[in-house]
Amino acid sequence: MRARWEALHAALDRSVRSLQAEQAFQQARQHPALARFDQPFEVVEYLASKGGDLDEKDRLLGVLVTLVQRREHHELASALLWLGLWPGLSGIFGRRVRHFEREHDELIAEIARAFTELVERLDLTSVQRVAATLVRSTERDVMY
């Protein structure tokens with residue numbers, strides 16, 4: 001059960017380390033929030049770290065959400081969001097796997113569906129914290 005969840009993580013990690021992702025990232029770095037990072041995986045490390053400026057992380061997450069919504073470097077931005085918020089999303093998986101009556105593959109699909117839909121429709125003007133909103137709303141949507 002957990003192996004498939006970890007396989008998703010590994011696939012996302014490989015995707016941000018690909019040549020295609022690196023090329024897309026070099027173009028996306030034109031945005032000031034991304035300019036300080038040399039490689040896409042550095043964004044992931046920064047977002048997933050416990051330290052760092054929460055406001056800066058929030059701005060960075062907002063930029064990634066905007067890129068997804070505008071379909072600019074969509075695949076890369078989406079993977080960076082997933083990996084940057086992986087600790088929270090993994091927490092959802094861990095909490096829900098015990099209570100999810102359907103197959104674990106369905107739980108993974110439900111998390112993916114809920115998260116993807118939330119990113120697509122998130123109104124950044126009405127959000128205090130992007131990470132908390134995405135993670136908590138994903139969990140809420142998976143629960144019901």
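In case you missed it, the structure is sitting above this.
Residues numbered from 1 in each chain as written. Predicted model: local features only at pLDDT ≥ 70, side-chain atom pairs only at ≥ 80, totals over all residues. Heavy atoms only, no water.

Details of the nonpolar core
Step number 1: Counting residues in hydrophobic clusters, the biggest one holds 46 residues, and the most contacted among them are Leu34, Val43, Leu64 and Leu134.
Step number 2: Listing elements by their share of this core, those giving two or more residues are α1 (2-16), α2 (19-28), α4 (40-48), α5 (54-70), α6 (74-84), α7 (86-97), α8 (104-121) and α9 (130-143).
Step number 3: With sequence-adjacent residues up to four places away left out, valine 43 is seen in contact with Phe25, Leu34, Phe37, Leu60, Leu64 and Leu80. (Core = buried A, V, L, I, M, F, W, Y, C linked by side-chain atoms within 4.5 Å. Buried < 20%, exposed > 50% of the residue type's maximum accessible area, 1.4 Å probe, protein only. Helix = DSSP H or I, 4+ residues; strand = E, 2+ residues; numbered from the N terminus. Contact = heavy atoms within 4.5 Å.)

Description of the pattern of salt bridges
Step number 1: A full pass over the atoms with the stated rule returns 11 salt bridges.
Step number 2: Across the salt bridge formed by arginine 17 and aspartate 13, the nearest N and O atoms sit 3.1 Å from each other.
Step number 3: Judged by relative accessible area, arginine 17 falls into the partly exposed class, the value being 47%.
Step number 4: A salt bridge links arginine 129 to aspartate 55; its shortest N-O distance comes to 2.8 Å. Remark: aspartate 55 occurs in helix α5 and arginine 129 occurs in the loop between α8 and α9; sequence separation between them is 74 residues.
Step number 5: In this structure, a network of salt bridges that share partners links the residues Glu110, Arg113 and Glu117. (Salt bridge = Lys/Arg side-chain N within 4 Å of Asp/Glu carboxyl O.)

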